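A look at the structure
Here is what each chain is made of, one letter per residue.
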Amino acid sequence: MADSLPTVIQLEIVTPDRQVVHESVTSVTIPGKEGYLGILPGHAPLLSELRAGTLIYTRAETKNYLAVSWGFAEVLPERVIILAHTAERAAEIDLARAERAFERAEKRLKDVSDPTVDRQRAEEAYARALARLQAARRTGV
Ligand code: ATP
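Residues numbered from 1 in each chain as written. Predicted model: local features only at pLDDT ≥ 70, side-chain atom pairs only at ≥ 80, totals over all residues. Heavy atoms only, no water.

A word on helix H2 (residues 119-136)
In this model, H2 (18 residues) spans 25 Å end to end at C-alpha, consistent with the 26 Å of a helix rising 1.5 Å per residue. Listed in full, the buried residues belonging to H2 are Ala122, Ala129, Ala131, Leu133, Ala135 and Ala136. Contacts made by the buried residues of H2 are with strand E6 (53-59), strand E7 (62-76) and helix H1 (95-110). The opening residue of H2, the one whose side-chain oxygen lies 3.3 Å from the backbone nitrogen of Gln120, is Asp118. Backbone geometry just after H2 places Arg138 at a positive phi near 55 degrees. (Helix = DSSP H or I, 4+ residues; strand = E, 2+ residues; numbered from the N terminus. Expected span 1.5 Å × (residues − 1). Buried < 20%, exposed > 50% of the residue type's maximum accessible area, 1.4 Å probe, protein only. Contact = heavy atoms within 4.5 Å. Polar contact = N/O pair within 3.5 Å; in protein donor to acceptor, adjacent residues only side chain to side chain.)

Notes on H1
Along an α-helix, a turn takes 3.6 residues, which lines up residues three or four apart on a common side. Look at H1: 22 Å from first C-alpha to last across 16 residues, which is about the 22 Å you get at 1.5 Å a residue. Where H1 is concerned, the buried positions are Ala98, Ala101, Phe102, Ala105 and Leu109. Along the long axis of H1, the arc covered by the buried residues comes to 100 degrees, so they all point the same way. Away from its buried face by more than 90 degrees, H1 exposes Glu103, Lys107 and Lys110. Where H1 starts, the residue carrying a side-chain oxygen 3.2 Å from the main-chain nitrogen of Ala96 turns out to be Asp94. (Arc of directions from axis to C-beta.)

Regarding the site of the ligand
Taken together, Asp17, Thr86, Glu88, Glu92, Ile93, Asp94, Arg97, Ala98, Ala101, Arg104, Arg128 and Arg132 make up the full set of residues near the ligand. Between the ligand and the protein, one listed contact pairs an oxygen atom with a side-chain N or O atom of Glu88 at 2.5 Å. Out of a free accessible area of 600 Å², the ligand has 69% covered by protein chains. Counting only elements with at least two residues in the shell around the ligand, the list comes to strand E8 (79-89), H1 and H2. In terms of residues, the shell around the ligand owes the most to one element, H1, which gives 4 residues. Looking at the shell around the ligand, its residues break down into 3 nonpolar, 1 polar and 8 charged. Both domains that meet at the shell around the ligand, namely domain 1 (9-90) and domain 2 (94-138), each give it at least three residues. (Near = heavy atom within 4 Å. Areas by Shrake-Rupley, 256 points an atom, 1.4 Å probe, with all protein chains shown as cover. Nonpolar A, V, L, I, M, F, W, Y, C, P; charged D, E, K, R; others polar. Domains from an automatic or database assignment.)

Quick look at the side chain of Thr15
Looking at where Thr15 falls in the secondary structure, it is placed in the loop between strand E1 (9-14) and strand E2 (19-25). Exposure remark for Thr15: the relative accessible area of 13% places this residue in the buried category. Beyond its immediate sequence surroundings of up to four residues, Thr15 is in contact with Val20, Ala84, His85, Thr86 and Ala87.

Some words on the environment of Glu124
Structurally, Glu124 is set in helix H2. The class of Glu124 is partly exposed, set by a relative accessible area of 30%. When the C-alpha atoms of Glu124 and His22 are compared, they prove to be 27 Å apart, with 102 residues separating the residues in sequence.

A short note on the domain arrangement of the chain
Partitioning the chain into domains gives domain 1 (9-90) and domain 2 (94-138). Between the C-alpha centres of domain 1 and domain 2 the distance comes to 23 Å. Contacts between domain 1 and domain 2 engage 12 residues on the former and 9 residues on the latter. Summing the contributions of domain 1 and of domain 2, the shared interface buries around 810 Å²; its carbon and sulfur component is 66%. Our enumeration of links across domain 1 and domain 2 arrives at 1 salt bridge. Here Arg132 makes a salt bridge to Glu88, at a shortest N to O gap of 2.9 Å. Secondary structure elements with two or more residues in the side of domain 1 that touches domain 2: E6, E7 and E8. (Buried area = accessible area lost by both parts, 1.4 Å probe. Salt bridge = Lys/Arg side-chain N within 4 Å of Asp/Glu carboxyl O.)

This is the structure:
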């Protein structure tokens, strides 16, 4: 008899500072480097780099939003492990701080004549701030 497919995923999201999520969930949408990955229980194993973006997981029919930035996702049929540089649940995000970071980065990126601007750093700060604004507003996927 064929093994039955798993119906849930153990989701773990960790950063260098803390464990952010350790829950049994029914789906996960991950901001992978090449685009969003939709994961259901029983998914084939894969490894993906993360970009800054919104991660959404469903538990008890409720969608939960987080902002994550950089790192890796390991997908297994019954488990998803996210090792991220930063991760915040939507309710933890300080919207005013993210707006300030977004405006600062946007200003730096617009000022093409300023040779002291580290563009890559500004682009990364912009992406992190945008991910936080989108997760806090529960949009962005
Ligand atoms: P800022 O310029 O506002 O510090 P940043 O993108 O440089 O933003 P990070 O280096 O990504 O900040 O994060 C540093 C720490 O602060 C991490 O623990 C991260 O989770 C937290 N953090 C950053 N921005 C916010 C925010 N808007 N709301 C809640 N926590 C945040």
